[in-house]
Amino acid sequence: MQRFTGRVAIVTGAAQGIGRAIAERLGKEGAQVFAVDLNGAGAAATAEAIGGNSTGLQCDVAEPDAVARLHADIEKAAGKLDILINAAGIVPFVPWDQVTFEEWRRVMRVNLDGLFLMCRAGSDLMRKKNYGRIVNISSNSIFAGTPNMAHYVASKGGVLTFGRALATELGAYKITVNTICPGLTDTETVQKTPHKDAFDFVEMLQAIKGHGKPQDIVPAVAFFASEEAHWITGQALSVDAGMIRW
Ligand SMILES: NC(=O)c1ccc[n+]([C@@H]2O[C@H](COP(=O)([O-])OP(=O)(O)OC[C@H]3O[C@@H](n4cnc5c(N)ncnc54)[C@H](O)[C@@H]3O)[C@@H](O)[C@H]2O)c1
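Described below are features of the structure shown in this document. (Residues numbered from 1 in each chain as written. Predicted model: local features only at pLDDT ≥ 70, side-chain atom pairs only at ≥ 80, totals over all residues. Heavy atoms only, no water.)

1. What about the pairing of strand β6 (residues 175-182)?
Of all the eight residues making up β6, eight are buried; the element is thus mostly covered by neighbouring parts of the structure. As judged from the six bridges shared by strand β5 (residues 132-137) and β6, these two strands associate in the parallel manner. The residue bridging glycine 132 from the neighbouring strand is isoleucine 175, located in β6. With four bridges joining them, β6 and strand β7 (residues 236-239) adopt parallel strand pairing. By the bridge assignment, isoleucine 180 is partnered in β7 with leucine 237. (Buried < 20%, exposed > 50% of the residue type's maximum accessible area, 1.4 Å probe, protein only. Helix = DSSP H or I, 4+ residues; strand = E, 2+ residues; numbered from the N terminus. Pairing = 2+ DSSP bridges.)

2. A word on the site of the ligand
As a matter of local geometry, the ligand sits amid 27 residues, with Asp37, Tyr152, Thr185, Thr187 and Thr189 nearest to it. Contact distances for the ligand include 3.4 Å between a nitrogen atom and a backbone N or O atom of cysteine 59. Between the ligand and alanine 87, the relevant distance is 3.0 Å, taken from an oxygen atom to a main-chain nitrogen or oxygen of the residue. For the ligand, whose unbound accessible area comes to 830 Å², protein coverage reaches 94%. Here the ligand occupies the largest pocket. Those elements that provide at least two residues to the shell around the ligand are α1 (17-28), α6 (150-170) and α7 (188-191). Residues that form the shell around the ligand fall into these classes: 14 nonpolar, 10 polar and three charged. (Near = heavy atom within 4 Å. Polar contact = N/O pair within 3.5 Å; in protein donor to acceptor, adjacent residues only side chain to side chain. Areas by Shrake-Rupley, 256 points an atom, 1.4 Å probe, with all protein chains shown as cover. 1 Å grid on protein atoms, 1.4 Å probe; cavity = no way out; pocket = protein on both sides within 12 Å on 5 of 7 lines; lining within 4 Å. Sits in = over half its atoms within 2 Å of the grid points. Nonpolar A, V, L, I, M, F, W, Y, C, P; charged D, E, K, R; others polar.)

3. Here's the deal with the environment of alanine 62
If you trace the backbone, alanine 62 turns up in the loop between β3 (55-58) and α3 (64-78). When near neighbours in sequence (up to four residues on either side) are disregarded, alanine 62 contacts Arg109, Val110, Gly114 and Leu117. (Contact = heavy atoms within 4.5 Å.)

4. Quick look at unusual backbone geometry
Positive phi values are uncommon outside glycine, yet asparagine 130 reaches one of about 55°. Mapped onto the elements, asparagine 130 comes out in the loop between α4 (101-127) and β5. Phi at alanine 241 takes a positive value of approximately 60°, unusual for a residue other than glycine. Structurally, alanine 241 can be placed in the segment after β7.

Right, dumping it as structure tokens:
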């Protein structure tokens, strides 16, 4: 028996990058994974790579009706939800003097509105079984105050504090809520932006040298998502080769 045998999991942002790596690991360790992404073809490709009874589903996590439909479909198909990993996110590179209100809202819409909608609907399903593991992906930029992403830093700070509050309210239902703060990680999106030029600088600040990959983030997420992490909630963990030490 594997760690996630019999568990039903949603991973958002599962078409690529960190979300895909998490979805693949949960699936490999026995979970029935619903790989969710705005990019439906990418989500389907992830589910296909996992195999078994995993499914790829197209969904905009910031659309209330779409999120409600998603959870209704999953309840019908799997009968429950045990694990919710919120990895969908927008990672911008926009200097502060160019952050318009529209750009601010674009980031908040996915990183916070989407998180709210997924946690709202997901925790309602979990409460029915008195069990749940919610793991939200924030960022270590909230401690570093990384430039060119002030709106993103604000949204990811919200991810952490929201998780703390949610943990308090969901503890009664044996649902844990924890936060992972990855450091700079080599993903498709990072490669498309000037963030890709920051790896050497970031490496200088890390206790362990090297460039972060999606697979480096996965083990901490899987631990928080596991049954044995039942005594840990409302916590945050930097997964960044020791760049942030707190
Ligand atoms: N890569 C990094 O350096 C890094 C560092 C710290 C935190 N993070 C966080 O990790 C998460 C994943 O980052 P990544 O680099 O793998 O990103 P990525 O852009 O490679 O992947 C994000 C995925 O989210 C999906 N997505 C975006 N908006 C969506 C929406 N409205 N509904 C559903 N899906 C949507 C995208 O289609 C994409 O597949 C994000 O939350 C990001 O903020 C990334």
